[in-house]
Amino acid sequence: MSLVTLAGVGVRFGAQTVLHDVDFHIERGEIVTIVGPNGSGKSTLLRVLIGAQRPSAGRVTPAPGLRVGYVPQKLHIDPTLPLTVRRFLDLPRRIPDAVAAEALAQAGAGELGLRQMADLSGGQFQRVLLARAILSRPDLLILDEPTQGLDQPGSAAFYRRIAEVRAELGCAVLMVSHELHVVMAASDRVICLNGHVCCAGHPEQVASAPEYRALFGTGTQGALALYRHEHAHSHDHDHPNPHTHEAAE
């Protein structure tokens, strides 16, 4: 059984139709990326999947007992609020220290527990949000443009961490992103959305689809091929790939 299935889902806000006739499913262990232009309904689709938005039409069928972790696009924390990373993980309910330590380690933030949230860099903040999302050991991890504001090395490092979390937890990962070549190269399946599902499939299939190229142009197909070529071989320690090293914090 799929972790979650959408059949004929539509969302309307007043007279505006944001999504219509969306059929979607995600299987355990796969990484799926949703791409689409601004206003295409990507974030709305995620809100439907996490139960924050009721569809106007269609049906959402989650697997029994489905556990979902969610990393939002943005989270504002008052910079004057004295809040450590460890205390942040205790909101809204306290969790054991061992559970918090394991989640921080899996998210690549093991050394940040005593740091103030307001003092974290962009990459550190995103890793803490990832730790919070995996506290419950989710079956499905959903991320809404999680690397917005990070530089390219920081983004690449975060996506590598996502792949590691998927391997460790055995969860599925669903991402929305605008970084087409990076995210598509990290995905098992890509869904191109523009109010409805324009095309879907393996990254190379979608990159060459007429519907995708009409939305994003032909250059993205070349970018995807270039990214795959650059990452198809290993690099020695003296000449690290500038696209894949961890950004300095």
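Residues numbered from 1 in each chain as written. Predicted model: local features only at pLDDT ≥ 70, side-chain atom pairs only at ≥ 80, totals over all residues. Heavy atoms only, no water.

If you look the protein up in an unreviewed UniProt entry, it shows as Metal ABC transporter ATP-binding protein from Roseicyclus persicicus.

(A) Summary view of the overall build of the protein. Counting its regular elements, the protein contains 9 helices and 9 strands. When burial is assessed residue by residue, the protein has 47% of its 249 residues classed as buried. Excluding contacts between residues fewer than 6 apart, the proportion of contacts in the protein whose partners are at least 24 apart in sequence is 69%. About 12,200 Å² of surface is accessible on the protein, with carbon and sulfur atoms providing 53% of the total. (Helix = DSSP H or I, 4+ residues; strand = E, 2+ residues; numbered from the N terminus. Buried < 20%, exposed > 50% of the residue type's maximum accessible area, 1.4 Å probe, protein only. Contact = heavy atoms within 4.5 Å. Areas by Shrake-Rupley, 256 points an atom, 1.4 Å probe, with all protein chains shown as cover.)

(B) Focus on the packing of helix H4 (residues 122-133) against helix H5 (residues 152-169). Viewed as axis vectors pointing N to C, H4 and H5 meet at an angle of 15°, and their least axial separation amounts to 11 Å. Taken together, H4 and H5 sit at an angle that is classed as roughly parallel. Pair H4 / H5 crosses with right-handed handedness. Here H4 contributes Gln126, Arg127 and Leu130 to the contact with H5, which in turn contributes Phe158, Arg161, Ile162 and Val165. (Axes fitted to C-alpha atoms, helices over the stretch in contact; angles between N-to-C directions. Parallel < 35°, antiparallel > 145°, perpendicular 65-115°, else oblique. Left-handed = near helix turned anticlockwise from the far one by under 90°.)

(C) Spotlight on the pairing of strand E2 (residues 16-26). Bridge analysis of strand E1 (residues 4-13) against E2 gives 7 bridges, and the strand direction is antiparallel. Residue Val11 lies in a different strand from E2, and its bridge partner there is Leu19. The hairpin formed by E1 and E2 contains 2 residues between the paired strands, and Gly14 there has a positive phi angle of roughly 65°. (Pairing = 2+ DSSP bridges.)

(D) Spatial organisation of the side chain of Gln126. For Gln126, the position within the fold is in helix H4. Other than its neighbours up to four places away in sequence, Gln126 contacts Val71, Pro146, Leu150 and Phe158.

(E) View of unusual backbone geometry. Pro92 follows Leu91 through a cis peptide bond whose omega is 5°. Among the secondary structure elements, Pro92 is positioned in the loop between helix H2 (85-89) and helix H3 (97-106). Notably, Asp21 is not glycine yet its phi reads approximately 55°, a positive angle. Its location among the elements puts Asp21 in strand E2. Residue classification places Asp21 among the exposed residues on the basis of a relative accessible area of 57%. One non-glycine residue, Glu145, lies in the positive phi region at around 45°.

(F) Looking closely at the nonpolar core. Among the nonpolar cores identified, the biggest contains 34 residues, and Phe88, Met117, Val128, Leu130, Leu141, Leu143 and Val173 are the most heavily contacted of them. Among the secondary structure elements, those contributing two or more residues to this core are H2, H3, H4, strand E6 (140-144), H5 and strand E7 (172-176). With 6 residues, H4 is the single largest residue contributor to this core. Setting aside its immediate chain neighbours within four residues, Met117 contacts Ile77, Leu83, Thr84, Val85, Phe88, Phe125 and Val128. The next biggest cluster of nonpolar side chains, apart from the first, holds 23 residues, and it includes Val11, Phe24, Leu45 and Leu46. (Core = buried A, V, L, I, M, F, W, Y, C linked by side-chain atoms within 4.5 Å.)

(G) Local environment of H5. With 18 residues, H5 should reach 26 Å at 1.5 Å per residue; the first-to-last C-alpha distance of 26 Å fits that figure. Buried within H5 are the following residues: Pro153, Gly154, Ser155, Ala156, Ala157, Phe158, Tyr159, Ile162, Val165 and Leu169. Here H5 starts with a cap whose side-chain oxygen sits 2.8 Å from the backbone nitrogen of Gly154, and that cap is Asp151. (Expected span 1.5 Å × (residues − 1). Polar contact = N/O pair within 3.5 Å; in protein donor to acceptor, adjacent residues only side chain to side chain.)

(H) Main features of the packing of aromatic side chains. This model, assessed by the stated rule, comprises 1 aromatic pair. Aromatic pair Tyr212 and Phe216: ring centres 5.0 Å apart, planes at 45°, arrangement tilted. Of this pair, Tyr212 and Phe216 both sit in helix H8 (residues 210-216), 4 residues apart, which is roughly one turn of the helix. You can call Tyr212 buried: its relative accessible area is 0%. Directly above the ring of Phe88 sits Arg132, whose terminal nitrogen or CZ lies 4.7 Å from the centroid. (Phe/Tyr/Trp six-rings, centres within 6.5 Å; stacked < 30°, edge-to-face > 60°. Lys NZ or Arg CZ within 6 Å of the ring centre and 35° of its normal.)

(I) Up close: the layout of surface pockets. A volume near 400 Å³ is recorded for the largest pocket. Forming the walls of the largest pocket are 16 residues, and the residues nearest its centre are Leu91, Pro92, Arg132, Ala133 and Leu135. Those elements that provide at least two residues to the lining of the largest pocket are strand E5 (68-71) and H4. (1 Å grid on protein atoms, 1.4 Å probe; cavity = no way out; pocket = protein on both sides within 12 Å on 5 of 7 lines; lining within 4 Å. Points joined across faces, edges and corners; volume = space filled by probe spheres on them.)

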